[in-house]
Every structure is written in structure tokens, then in C-alpha cells.
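# Structural overview for review
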Amino acid sequence: MSTHRLEFATTRSTEFVDITPRLQEEVRQAGLRNGRIHLQSLHTTLGLAINENEPLLLRDFQGLLEKLAPAGAGYEHDNFERRLEITAGEPVNGHAHCRQLLLSAFATLLVEDGNLVLGRWQSVFAVELDGPRHRQLAMQLEGEFAQQRDTAESLVEVELARQLMVDPEPIAGPMRRLVEAGGKRLRPRLVQLTSGIGPRNDPLRAAELAAAVELLHNATLVHDDYVDESTQRRGRPTVAAKEGAARAIAVGDYYFAKATRLIAQIGNPGVTSEVADALEAICASQIDDVALRGSYPGDRDSYMRVIRGKTASLFAAACASGALLSGANEEVVGALRRYGDLLGTAFQMADDVIDFSPSSGKPVGQDVRQRVLSLPLIYAAEDRVVGPEVRRLLAGTLGDAEVGLVTELVTSTDALPRVREEAQALVDAAVRELEAVELDGLRPVLAGIARLAVDRAS
Amino acid sequence: MSVQLLEPELDRLQELWSDGLADTYDAYLAAVDEPRLALAAALIEVGIRLQGLGGLAAPPTTLLMGDLCLARGSRLLADHAPLAVQVAFARSIELLSSRAAAQQPAPPVRQLLQDSFGGLR
């Protein structure tokens, strides 16, 4: 039995959030091969439904709910003079409770061969009836689990836990919450894979390097979240939001220093320099990123320069440092560095597209709200038809209504498919980089990682 | 070594040079007589000060400049310092940040970083 909480934020009063990809990811991460996944809404104004994810149909559902339980139809629940124990900020939401009665608060889904059993048109929805809010679903997975988790991944998790265990609690606590909240662990995976290429394959040292790279990545996120004023990361409050800016700065600095020390102590100067260069590129690009917000949404060239430093540089360093650790030759190290650079760039573009997807698990349009550089937004702002309106909205204050409008305008153009195509082309180029060098059977795995990095929903 | 030779390392940080980084660099240079390592130490000290570590948190843009100083200092150490010095510097930052997180007093930054050069002897 495995127990989790699925957390997400909704952005509208009524919203059908497609949680199918996240459930599939939970099944994969838990290693559930055959069994069941039980879901339970932990809210009285959040329901569950299984139906088709077709935008017009979702509008029909919303219309039906509004017809059956219209807002402001004189619900006794909304008569605060008669109710007992009214809390401050009590919402007027009798209609939302009544609508929830028409849906289910529970769902059980079957899992076969590691996959959710769903019909061709079926998607699983969490149905927000009184948003926007932060929501939780309780989840239990039961059945037959894979006998062993991938040993390499386990080694990194053990190493991360070991490093966090020895740190002072005021520092380790916030970082532990961030690390335990998940994340894709793509960078450590790349370190481990590439560290098996050369003649000096040492899984323990590779796990140390992989864990240090992950800590470094997380340290940059702690500072980023303060800079971007983000309140949520991986479904949990950010360090800055929960413990304040001063603590966030200290936690980021501590793991920045500790990660660089752990990497230096591995004793391979090439690896140390590779990661130090990447860290410098990340910091320099972060400054550019913030500076460019003055001319938001910016242009494609500036965007590419920023994401290559901010995101791709650590992917490239992860790939190259793993190979260096294993004693791979320069040609292989170079090819893997270029593969990582292209993969990281494509990964960031895919992230930008996901920001406009309601099934991502994050509030739609978060990048727009925080004025983070985004390629779909740049393309939409250049669009002949909607571009002037996008630019006018971005020049003003960005409240919920404006963010919603910008999101609608972006999705009405060809910006999202165009960025997806570009990301796909970068993945193809990344895979081509692998073709010229001998990788001891690793090419299909690395190609698969590259394709998955852009073909994802969250 | 002249400032001109240090220029690539000071790219983006020129304003800081005249705003205290030069004096900090001179102080470390007197102690270590190794320009790149003195600059690394000066960047780390100035970076920590810009961030407001252990005091009032810096506004985001200043924090980012502090981060860049730390990263550039760290890269200089990675490229030019022996392992013992790299480790000592990292441990100094770990000490300062853990004390800051626990809201406990920390040793003076300059003394701590100058002690980190012990591995050169």
C-alpha cells in the first residue's frame, strides 16, 4: 500500500482539471504494476468525474451544473444570519456544495501492466466548484508493486537523504521538504547514465555527484522562488513563502556551498570546473531574465540566451560531468555536453507550453503572472491579429482577468504548436549528437529521456 | 596582476569594483598574494554582503548580483585553488548560512575567509 496527497491549484470558480497524467506518473513512481488507485476529495466543493476532455463538452458540463444548482438561488447555507459558527471570510457557496452532491467525492481506477485502465476517450477530472483554491486529493495505491526500484535511482535518494540528515535542522528542514516533494530528478539521472560510459564506472561516486547536482539545482530554485515571488513549488509552499526571504537566502547559500564542496571532494577537477561554469551561467542568466522583464515579453534571441544559461547549462554539465567522472574521452564528453544543452533548451520550451495547460497541476498562466520569459508569449505578441492586444495587456497590471485573457489569446494563435515543434526539433538535434560517438548501448535510453522531456503534461 | 587582467572575471561586476570590491580585493591580496584567489575571496565576501545573509534580506535584484558574485568566486576557486582551499571556503559559507538560518551570531566573514587560505601554506 502506498499513500500520497495529490496537490494542485485551481484558477477559476468552476474548472475541470484533468489529473490523468499526474495519476499515471504516480503509478509509475510508486512502481505499481497491477492493482487499484483510490482517490478521495478532501473538500466539500471539489468533486471527481471521469469523462471526455473535450473543451466544448466541458462547457456543457459547466452549463448543466449551473442550471441544476444556480449561484445565488437563495440557499439556506448562504443565510449567515441563521447559521452557527460562521468563520471569517466564509464564502457564499451554497451552490458549490449542491453541485458537489451531483458529482462523486471518490473514484477507484484500475491499473494493469503499470498503466491506468481507461477507455480511449476517458480522462479523470478533479472538478473545482468554488475556486480558485489550493486543493488536495487523498490517494492510496494498492496491489502488486515492482519488486525493486531502479537501483541507481535508489542510490541517489539514499545519498540525498544521507546528506540532509547531517545538516543543521533550520537549514535541512526546508530543503528536505523541497527534495521530498519530488521533482523529475532528470539531472541526477543524466549524471548516473553518462557516468557509466567510460572505463571508470563507479556507481557510488556517480550517486554522490548526482545527489550534489540535484542539491545545487534545488538551491537555485530556493532563490528563484524568492525572486519570482512564487508561493508554491511542487505543490508545496516555497521556502520564501513559508519561512521568509532571509531563511530562503540562507538555505540557498548553504546548499550552493555544500554541493560545490561535495563535488570538489569527489576529486575530479574537470567535473568541479564543469559544474562551477554551469552555476555561473545560471546566475548570470537569472540577472538577464529579470532585466528583460522590463521589456516583457522580449524577443526570441534574448529568450534563447536566457534559457540556455538558466536551464540548459546544468543539463549540459550533468551530462558532461558524468562522462568526465567515468573517464570518457573528450569527443564523447563534448557530444554529451551538446546533447544536454539541446535537451535542456527543449525541456524549458516544453515547460513554457505546459504553463498554458490546465492539466499541468500548476495554475495556468503562472509564467505570465510572474512575467517570466516565455516563448509562446513572445510568438503570440508577434502575431499579426492578436499581438497588439497581447502587448497592451502585458504592458498593464496583470490580475487574474488579464492573465486569463492573455492565456486565451495565446492559445488562439499557433504559438503553442510552433513552440512544441521547435522543442521537438531540438530533441531530434540532441539525439543526432549521440549518433557520432560510441555510447556503449546508452543511446536509446538517452534518446528516450530526450523525447519524454518534451512529451509530457506536467 | 593588474585590474585589466582581472577584467574577464569582473565582467558584469564593474560597478561593484568601484563600490567596495576593489578595497576588499586589496585586503585579501595583502593576505594571500595570489590575485585570482584574492579576487575569489573578495567576490564571496561582497556576494554575502549583497545578499544580506544573516541580516536583512536583499531585494531580488541585489540577491541575484550576490549570487553571481558567489558563483564567480566559486568558479575561480574551482579553477585556481587547491582542493583544501576550495573545501575550506565552502565550509565557511556553510557555517555563515547555517548560523544565519538559526539566527545565531557568526564569526566575521573576512576573518573566516582569510583563515580558509590556510590550505595554501
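Residues numbered from 1 in each chain as written. Chains lettered and ligands numbered in written order. Predicted model: local features only at pLDDT ≥ 70, side-chain atom pairs only at ≥ 80, totals over all residues.

Here we come to the overall build of chain A. The secondary structure content of chain A amounts to 18 helices and 10 strands. For a compact globule of 458 residues, the expected C-alpha radius of gyration is about 23 Å, and chain A comes in at 23 Å, within 12% of that figure. Overall, chain A is about 75 × 55 × 45 Å in size when its C-alpha atoms are taken along their principal axes. Here chain A holds 458 residues, and 46% of them are scored as buried. Put simply, 78% of the contacts in chain A that link residues at least 6 apart link residues at least 24 apart. (Helix = DSSP H or I, 4+ residues; strand = E, 2+ residues; numbered from the N terminus. Rg over C-alpha atoms; globule rule 2.2 N^0.38 Å. Buried ≥ 20, exposed ≤ 12 C-beta atoms within 10 Å, placed from the backbone. Contact = placed C-beta atoms within 7 Å.)

The next thing to look at is the overall build of chain B. For chain B, the helix and strand inventory stands at six helices and zero strands. The order of α-helices and β-strands along chain B, N terminus first, is α-α-α-α-α-α. Expressed as lengths along the three principal axes of its C-alpha atoms, the size of chain B is roughly 40 × 35 × 20 Å. At a minimum sequence separation of 6, the contacts of chain B that also span at least 24 residues come to 58%.

With that settled, consider the sheet that holds strand β1 (residues 2–9) of chain A. Residue and element names in this part refer to chain A. Strand order in the open sheet made by the five strands is β1-β8-β3-β5-β6, with antiparallel pairing throughout. The strands lining the two open edges of the sheet, one partner per strand, are β1 and β6 (115–116). Pairing between strand β3 (residues 32–41) and strand β8 (residues 134–145): nine bridges, direction antiparallel. Residue pairing for β8: H38 is matched across the bridge by Q140. Relative to the sheet, helix α1 (residues 20–30) contacts β1, β3, β5 (106–112), β6 and β8, its axis offset from that of β8 by approximately 40°. (Pairing = 2+ DSSP bridges. Axes fitted to C-alpha atoms, helices over the stretch in contact; angles between N-to-C directions.)

Size of an interface, as often reported, equals the accessible area lost when the parts are brought together. Each partner contributes residues to the interface: chain B has 31 residues there, and chain A has 33 residues. Contributing elements (two or more residues each) for the side of chain B that touches chain A: α4 (60–80) and α5 (83–101) of chain B. If you tally residues by element for the side of chain B that touches chain A, the top one is α4 of chain B, at 14 residues. Each residue belonging to the side of chain B that touches chain A can be placed in one class, and the counts come to 17 nonpolar, seven polar and seven charged. (Nonpolar A, V, L, I, M, F, W, Y, C, P; charged D, E, K, R; others polar.)

This paragraph deals with helix α11 (residues 300–325) of chain A. All names here are of chain A. For α11, built from 26 residues, the straight-helix expectation of 38 Å at 1.5 Å per residue is met to within 8% by its first-to-last C-alpha distance of 35 Å. Where α11 bends most, at A312, the angle is about 50°. Of all 26 residues that make up α11, 20 are buried, and the element is covered over most of its length. Of the residues trailing α11, G327 is marked for its positive phi of about 80°. (Expected span 1.5 Å × (residues − 1). Bend = angle between axes of the 7 residues up to and from the residue.)

To continue, consider the sheet that holds strand β2 (residues 15–18) of chain A. All names here are of chain A. Taken together, three strands build an open sheet; the order of strands is β2-β7-β4 and the sheet is antiparallel. The two strands at the open ends of the sheet, each matched to only one other strand, are β2 and β4 (46–51). Strand-to-strand, the axes of this sheet are offset by a mean angle of 30°, without reference to chain direction.

Residues and elements named next belong to chain A. Between helix α10 (residues 269–292) and α11, whose axes approach to 8 Å, the crossing angle comes to 170°. Comparing their axes, α11 and α10 come out roughly antiparallel. Crossing of α10 over α11 shows left-handed handedness. (Parallel < 35°, antiparallel > 145°, perpendicular 65-115°, else oblique. Left-handed = near helix turned anticlockwise from the far one by under 90°.)

A word on the environment of G173 of chain A. The topology assignment puts G173 of chain A in helix α5 (residues 169–180). The spatial distance from the C-alpha of G173 of chain A to the C-alpha of V239 of chain A is 9.8 Å, given a sequence separation of 66 residues.

This next bit is on the pairing of strand β7 (residues 123–128) of chain A. The two faces of the sheet receive side chains in turn, since in a regular strand these alternate between them. All names here are of chain A. Within β7, five of the six residues are buried, which leaves it mostly tucked inside the rest of the structure. When β2 meets β7, the two strands line up antiparallel, connected through four bridges. Each residue of the ladder has a partner; that of E15, found in β7, is E128. Sheet topology note: the β4/β7 ladder contains six bridges and is antiparallel. By the bridge assignment for β7, A49 is matched with F125.

Moving on: the packing of helix α12 (residues 330–354) of chain A against helix α18 (residues 443–454) of chain A. All names here are of chain A. Contact geometry of α12 with α18 gives a least axis separation of 8 Å together with a crossing angle of 20°. Between α12 and α18, the angle falls in the class roughly parallel. Judged by the sense of rotation from one axis to the other, the crossing of α12 with α18 is left-handed. Here α12 contributes Y339, L343, A346, F347 and A350 to the contact with α18, which in turn contributes L446, A450, A453 and V454. Considering only residue class, the contact of α12 with α18 consists of nine nonpolar, no polar and no charged.

It is worth spelling out the nonpolar core at this point. Counting residues in hydrophobic clusters, the biggest one holds 146 residues, and the most contacted among them are L216, V251 and A346 of chain A. Not counting residues within four places of it along the chain, the set of residues in contact with V251 of chain A comprises I171, P174, M175, V222 and V239 of chain A together with A101 of chain B. A96, L129, M139 and L141 of chain A belong to the second largest nonpolar core, which has 23 residues in total. (Core = buried A, V, L, I, M, F, W, Y, C linked by C-beta atoms within 7 Å.)

Okay, the environment of Q29 of chain A next. Structurally, the position occupied by Q29 of chain A is in helix α1. Sequence separation between Q29 of chain A and I266 of chain A is 237 residues; the distance between their C-alpha atoms is 29 Å.

In the predicted model, chain A carries a mean pLDDT of 91, and the fraction of residues at 70 or more is 98%. Predicted confidence in chain A is weakest over helix α13 (residues 366–369) of chain A, with a mean pLDDT of 82, and strongest over helix α9 (residues 245–266) of chain A, with 98. (pLDDT = per-residue confidence, 0-100.)

Residue and element names in this part refer to chain A. With an omega of -5°, the peptide bond between G131 and P132 qualifies as cis. Positionally, P132 belongs in the loop between β7 and β8. Following Y296, the chain continues to P297 via a peptide bond in cis, the omega torsion being 5°. Positive phi values are uncommon outside glycine, yet E85 reaches one of about 55°. Take E85: it is sitting in the loop between α2 (55–68) and α3 (94–102). Phi at R185 is positive, roughly 55°, even though this residue is not glycine. Along the chain, R185 falls in the loop between α5 and α6 (186–194). The class of R185 is partly exposed, set by 19 C-beta atoms lying within 10 Å.

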